[in-house]
Amino acid sequence: QVQLVESGGGLVQAGGSLSVSCTASIPTFIMGWFRQAPGKEREFVASITWNYWTGSQTSYADSVKGRFTISRDNTRKTAYLQMNSLKPEDTAVYYCVAGSAGSGESGRYDWWGQGTQVTVSS
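Heads up: these notes are all about the structure in this document. (Residues numbered from 1 in each chain as written. Predicted model: local features only at pLDDT ≥ 70, side-chain atom pairs only at ≥ 80, totals over all residues. Heavy atoms only, no water.)

Here we take up empty space enclosed by the protein. Applying the stated criterion across every chain yields a total of one cavity of 30 Å³ or more. In this structure, the largest cavity spans a volume of roughly 60 Å³. In terms of lining, the largest cavity is formed by T28, F29, I30, M31, I48, T49, W50, R72, R76 and T78. Looking at the lining of the largest cavity, the elements with two or more residues in it are β4 (30-36) and β5 (43-51). If one sorts the elements of the lining of the largest cavity by residue count, β5 sits on top with three residues. Split into classes, the residues belonging to the lining of the largest cavity amount to five nonpolar, three polar and two charged. (1 Å grid on protein atoms, 1.4 Å probe; cavity = no way out; pocket = protein on both sides within 12 Å on 5 of 7 lines; lining within 4 Å. Points joined across faces, edges and corners; volume = space filled by probe spheres on them. Helix = DSSP H or I, 4+ residues; strand = E, 2+ residues; numbered from the N terminus. Nonpolar A, V, L, I, M, F, W, Y, C, P; charged D, E, K, R; others polar.)

Structural data, given as structure tokens:
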């Protein structure tokens, strides 16, 4: 079983920045985040993959593209999500995910973190 530990997030005013990070207990092929706001369905945010042959590939939801940046470290265990130009509609619980295959929203996400709150005030 893969354990995911999230950190970061918090409270920021609109236009500000926050970051979240996620560390897996073992290297994984894909890591990323989903988010869920009160009264709304869970939605894909971003993901990053890695393998020896293709390197890393990133995917972003249209709603965050150009504002959020996902990255990883060389251990393949830790991912980072830098969130800039935050909007109130970004307010949600952000759940780190990791898996063994796929990419983007259609990725195979086998493991989920505990979630961390991101709140953007207007």
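It is worth spelling out the packing of aromatic side chains at this point. For the coordinates displayed, the defined rule picks out four aromatic pairs. Between F34 and Y109 the ring centres are 5.4 Å apart and the planes differ by 85 degrees, which places this aromatic pair in the edge-to-face class. Placement of the pair is F34 in strand β4 and Y109 in strand β10 (residues 108-112), with a sequence separation of 75 residues. Taking the relative accessible area as the measure of exposure, Y109 reaches 13% and is therefore buried. Taken together, a centroid distance of 6.4 Å and an interplanar angle of 65 degrees make the contact between Y95 and W112 edge-to-face. Here W112 lies in strand β10 and Y95 lies in strand β9 (residues 92-101), a separation of 17 residues in the sequence. Take W112: its relative accessible area is 36%, and that puts it in the partly exposed class. An aromatic cluster is built from F34, F44, Y95, Y109 and W112, whose rings are joined through pairwise contacts. Positioned above the aromatic ring of Y95 is the side chain of R42, whose terminal nitrogen or guanidinium carbon lies 5.1 Å from the ring centre. (Phe/Tyr/Trp six-rings, centres within 6.5 Å; stacked < 30°, edge-to-face > 60°. Buried < 20%, exposed > 50% of the residue type's maximum accessible area, 1.4 Å probe, protein only. Lys NZ or Arg CZ within 6 Å of the ring centre and 35° of its normal.)

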